[in-house]
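Below, each chain spelled out in residue letters.
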Amino acid sequence: MNKHTDKKKMLIAGDIMLDIYHFGKVSRISPEAPVPVFLEEGDVRMSPGGAANVAVNVAAIGIEADIFSVTGDDSISGDLTGILKDHGIDTKYIASVSDRSTTGKTRYIAQNNQQILRVDSEDTDDVDIKTVKRQLDNIEKRIDDYGLFLISDYKKGLLTEEITQSLINIAAKHSIPVFVDAKDKNISKYRNATLLKPNRKELKEITDLPVGTVDEVSQASMRLCRDASVRYVLTTLGADGMLLVDKDKVICSVKSAAREVYDVTGAGDTSIAYLAAEVLFGNSMEDAVRTANIAAGIQVAKVGTSVVTPEEVRAAIEKSGMGKTVFTNGCFDIIHAGHVKYLREARKLGDRLVVGLNSDESVHRLKGDSRPVNPLKDRIDVLSAFEFVDEVIPFEEDTPYDLIKKVRPDILVKGGDYEIKDIVGADLVRSWGGEVRTIPFVEGKSTTAIIEKIGGTSND
């Protein structure tokens, strides 16, 4: 996580809510009805949820945050805004509406962090833009304060198409990126945002396309990118990690960083907070995705919505070995035993293996019109399935030189048929103190030999 001193504020816009946790135990069934008896023990905990949870995570990262939202005129509203202020978040753009209920979610948690019951209070009626017109005008007056807008849509009524498009248009006039945590099937309200972030379930609901496999997710994500006229779609996949695409291709695929999952509540909020923060700090989208993935892995190991601190993320990065990154590249067209051994050995050199993968057009130029045999999306699926491959990043160029600049690996690896001096990117890696290594190939194993053998058989 590289912080820049010239960072601006972030505007968080969306549905805010209060998460309330009652802790206790269950040891018997009620004699009145076949339901568990919850014996409350300990203090009640209150945490900001929804867009408010995004905001406190952004603030914890070290970025000033203003929040645009609505609440009711009730006690929950006072508790929620008080918590936000305690975190240093400016609440001047929150409109209080007298005939509206603030969204609250009350959870009862028994032993072993088992959630017994959730009780919701909310008002999901659409908010009239006139209700927040003054707040929107004031945001535009102070637009120079902001470096990024983050829209967190929980479909609780604030983010109507009119209000959402007003925010996007304000940002667009001043070349400010807009990241959206998207849940609504009405994607026209998100049009012209910079990035949409659905999870797998939301992607299916929004696109009505299958999302069972990583390939299906990539196709649905690219379709959403085109239909919504956005630059990127980042789909979070739970145990399968995250997938970043533009309208034409997969940009990167990362595996989940979670080791233990206690509660997925707030994981999406945490991931988009870190994603947006990293971009605001000036880091690449690929690096931002990696950091967001680590942060989400920390969140799901906690109970309920809570702040993930930069210190936790840095510690997780070091523990996961992201500080010792191994990079290799290739076409990996028809995976064979030689590839498997080579990649497994490459992973042993460090703690995280990133594979740069030639795009289809790049393979055409390098190998001829008959290649690749397997298209890019299939090659990504196969490589991602290996437990020793942590990330796959396609590249369009003939060499991975520019990609190596972005990844900044500690160790660059190629096959044993290369001389160190001839390995693309060796100069870069050595310039920042990294190593360049070679691994012997398995003799007699090659994609070309396999294709020739198949061709010979077919002519018999």
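None of the values given here were measured: they were computed from a predicted structure.

Chemist: Got a sec to walk through the overall build of the chain? Specific residues and values, please.
Modeler: Along its length, the chain carries 15 helices and 19 strands. Of the contacts formed within the chain by residues at least 6 apart in sequence, a portion of 70% connects residues at least 24 apart. Within the structure as shown, the chain displays about 20500 Å² of accessible surface, and the carbon and sulfur contribution to it stands at 47%.

Chemist: Explain unusual backbone geometry to me, using residue names and the numbers behind them.
Modeler: The phi torsion at Asn192 lies on the positive side, around 75°, for a residue other than glycine. Checked against the element boundaries, Asn192 lands in the loop between strand 10 (178-181) and strand 11 (195-196). The backbone of Phe332 sits at a positive phi, close to 45°, despite the residue not being glycine. The residue Phe332 is located in the loop between strand 15 (325-330) and helix 10 (337-348) in this model.

Chemist: Could you give an account of the packing of aromatic side chains, naming the residues involved and the relevant values?
Modeler: The tally for this structure, following the rule as stated, stands at 4 aromatic pairs. Their ring planes at 20° and their centres at 6.4 Å tell us that Tyr21 and Phe23 sit as a pair that is stacked. Here the aromatic rings of Phe38 and Tyr108 are separated by 5.4 Å at their centres, their planes lie at 80°, and the arrangement is edge-to-face. Of the two residues, Phe38 is situated in strand 3 (residues 36-40) and Tyr108 in strand 7 (residues 103-110); the sequence distance between them amounts to 70 residues. Judged by relative accessible area, Phe38 falls into the partly exposed class, the value being 21%. One Lys or Arg, Arg45, reaches over the ring of Tyr21 and ends 4.8 Å from the middle of that ring. A cation sits over an aromatic face here: Lys183 above Tyr154, 4.1 Å from the ring centre.

Chemist: Could you give me a rundown of the pattern of salt bridges, with the residues and numbers involved?
Modeler: Enumeration according to the criterion identifies 33 salt bridges in this entry. Note that Asp145 is salt-bridged to Arg142, the shortest N-O span being 3.0 Å. Overlapping salt bridges bring together Lys9, Asp66, Asp90 and Lys92 as one network.

Chemist: Now, about helix 8 (residues 285-299): what can you tell me, with residues and values included?
Modeler: Along its 15 residues, helix 8 runs 21 Å from first to last C-alpha, staying within 8% of the 21 Å computed at 1.5 Å per residue. Along helix 8, 14 of the 15 residues are buried, which leaves the element largely enclosed by surrounding structure.

Chemist: Any details on the pairing of strand 19 (residues 435-439)? Residues and values, ideally.
Modeler: Across 5 bridges, strand 18 (residues 411-415) lies against strand 19 in parallel orientation. For Ile411, the partnering residue across the bridge sits in strand 19 and is Glu435.

Chemist: Now, about the nonpolar core: what can you tell me, with residues and values included?
Modeler: One finds Phe68, Val132, Phe149, Leu167, Leu196 and Leu343 to be the most contacted residues of the largest nonpolar core, which totals 65 residues. Not counting residues within four places of it along the chain, the set of residues in contact with Phe149 comprises Leu11, Ile139, Ile143, Leu167, Ile170, Ala171, Ile176, Pro177, Val178 and Phe179.

Chemist: Could you give me a rundown of the confidence of the model for the chain, with the residues and numbers involved?
Modeler: Looking at the chain, the pLDDT average stands at 87 and 89% of residues meet or exceed 70. Put simply, helix 15 (residues 447-458) is where the chain has its lowest mean pLDDT, 53, and strand 11 is where it has its highest, 98. Low confidence marks residues 2-6, where pLDDT is under 50. Its contacts with residues over four positions away, or in another chain, come to 10 contacts. The low-confidence segment residues 456-460 (pLDDT under 50) makes 0 contacts with residues lying over four places distant or belonging to another chain.

Chemist: Would you mind going over the environment of Lys367 in detail, with residue names and values included?
Modeler: Inspection of the secondary structure assignment puts Lys367 in helix 11 (residues 360-367). On the basis of relative accessible area, Lys367 is assigned to the partly exposed category, the value being 45%.

Chemist: Hey, could you go over the packing of helix 7 (residues 267-280) against helix 8 for me, with residue numbers and the actual values?
Modeler: Orientation of helix 7 relative to helix 8, taken along the N-to-C sense of each, is 150°, at an axis distance of 8 Å. Between helix 7 and helix 8, the angle is such that the two are roughly antiparallel. Crossing geometry of helix 7 relative to helix 8 is assigned as right-handed. Contacts from Ala267, Thr270, Ser271, Tyr274, Leu275, Glu278 and Val279 of helix 7 reach helix 8 at Met285, Ala288, Val289, Thr291, Ala292, Ala295, Ala296 and Gln299. Residues belonging to the contact of helix 7 with helix 8 are distributed by class as follows: 10 nonpolar, 4 polar and 1 charged.

Chemist: Give a detailed account of the packing of helix 5 (residues 200-207) against helix 6 (residues 214-227), specifying residues and quantitative values.
Modeler: Taken N-terminus to C-terminus, the directions of helix 5 and helix 6 make an angle of 55°; their axes are 10 Å apart at the nearest point. In this view, helix 5 runs oblique relative to helix 6, as classed from their interaxial angle. Two packed elements cross with a definite hand, and for helix 5 against helix 6 that hand is left-handed. For the pair helix 5 and helix 6, contact is made by Arg200, Leu203, Ile206 and Thr207 and by Val217, Ala220, Ser221 and Leu224, respectively. Of the residues that constitute the contact of helix 5 with helix 6, the class distribution is 5 nonpolar, 2 polar and 1 charged.

Chemist: Lay out a nonpolar patch on the surface in plain terms, naming residues and giving numbers.
Modeler: Taken together, the side chains of Ile116, Leu117 and Val119 make up a nonpolar region of the molecular surface, amounting to roughly 230 Å² of accessible area. With respect to the helices and strands, the residue Ile116 is situated in strand 8 (residues 114-121).

Chemist: Account for helix 7, naming residues and giving values.
Modeler: Since there are 3.6 residues in each turn of an α-helix, residues three or four apart along the chain are aligned in direction. In a regular helix each residue adds 1.5 Å, so 14 residues correspond to 20 Å; helix 7 covers 20 Å between its end C-alpha atoms and thus fits that length. Burial analysis of helix 7 places 12 of its 14 residues in the buried class, which makes it a mostly covered element. Every buried residue of helix 7 is accounted for by Ala267, Asp269, Thr270, Ser271, Ile272, Ala273, Tyr274, Leu275, Ala276, Ala277, Glu278 and Leu280. Remark: Gly282 follows helix 7 within two positions and exhibits a positive phi of approximately 95°.

Chemist: Break down the side chain of Glu391 for me, with residues and values.
Modeler: The residue Glu391 is located in strand 17 (residues 391-395) in this model. By relative accessible area, which is 1% here, Glu391 ends up buried. Glu391 has contacts with Cys252, Ser253, Val254, Arg290, Arg352, Leu353, Val354 and Val355, leaving out every residue within four places of it along the chain.

Chemist: An account of empty space enclosed by the protein is needed here, citing residue identities and associated values.
Modeler: One pass over the full model with this rule turns up 2 cavities of 30 Å³ or more. Of the voids in this model, the largest cavity is the one considered here, and its volume is about 90 Å³. In this structure, the largest cavity is lined by 14 residues; those nearest its centre are Ile16, Val70, Arg100, Thr103 and Lys156. Sorting elements by how many residues they give to the lining of the largest cavity places strand 5 (residues 65-72) first, with 4 residues. Of the residues in the lining of the largest cavity, the class split is 3 nonpolar, 7 polar and 4 charged. The calculated volume of the second largest cavity comes to roughly 30 Å³. Put simply, the parts of the chain that give the lining of the second largest cavity at least two residues each are strand 14 (250-254) and strand 17. Classifying every residue of the lining of the second largest cavity by side-chain character gives 3 nonpolar, 2 polar and 3 charged.

Calculation criteria
- Residues numbered from 1 in each chain as written.
- Predicted model: local features only at pLDDT ≥ 70, side-chain atom pairs only at ≥ 80, totals over all residues.
- Heavy atoms only, no water.
- Helix = DSSP H or I, 4+ residues; strand = E, 2+ residues; numbered from the N terminus.
- Contact = heavy atoms within 4.5 Å.
- Areas by Shrake-Rupley, 256 points an atom, 1.4 Å probe, with all protein chains shown as cover.
- Phe/Tyr/Trp six-rings, centres within 6.5 Å; stacked < 30°, edge-to-face > 60°.
- Buried < 20%, exposed > 50% of the residue type's maximum accessible area, 1.4 Å probe, protein only.
- Lys NZ or Arg CZ within 6 Å of the ring centre and 35° of its normal.
- Salt bridge = Lys/Arg side-chain N within 4 Å of Asp/Glu carboxyl O.
- Expected span 1.5 Å × (residues − 1).
- Pairing = 2+ DSSP bridges.
- Core = buried A, V, L, I, M, F, W, Y, C linked by side-chain atoms within 4.5 Å.
- pLDDT = per-residue confidence, 0-100.
- Axes fitted to C-alpha atoms, helices over the stretch in contact; angles between N-to-C directions.
- Parallel < 35°, antiparallel > 145°, perpendicular 65-115°, else oblique.
- Left-handed = near helix turned anticlockwise from the far one by under 90°.
- Nonpolar A, V, L, I, M, F, W, Y, C, P; charged D, E, K, R; others polar.
- Patch = residues over 30% accessible without salt bridge, like charges linked within 9 Å, V, L, I, M, F, W, Y side chains within 5 Å.
- 1 Å grid on protein atoms, 1.4 Å probe; cavity = no way out; pocket = protein on both sides within 12 Å on 5 of 7 lines; lining within 4 Å.
- Points joined across faces, edges and corners; volume = space filled by probe spheres on them.

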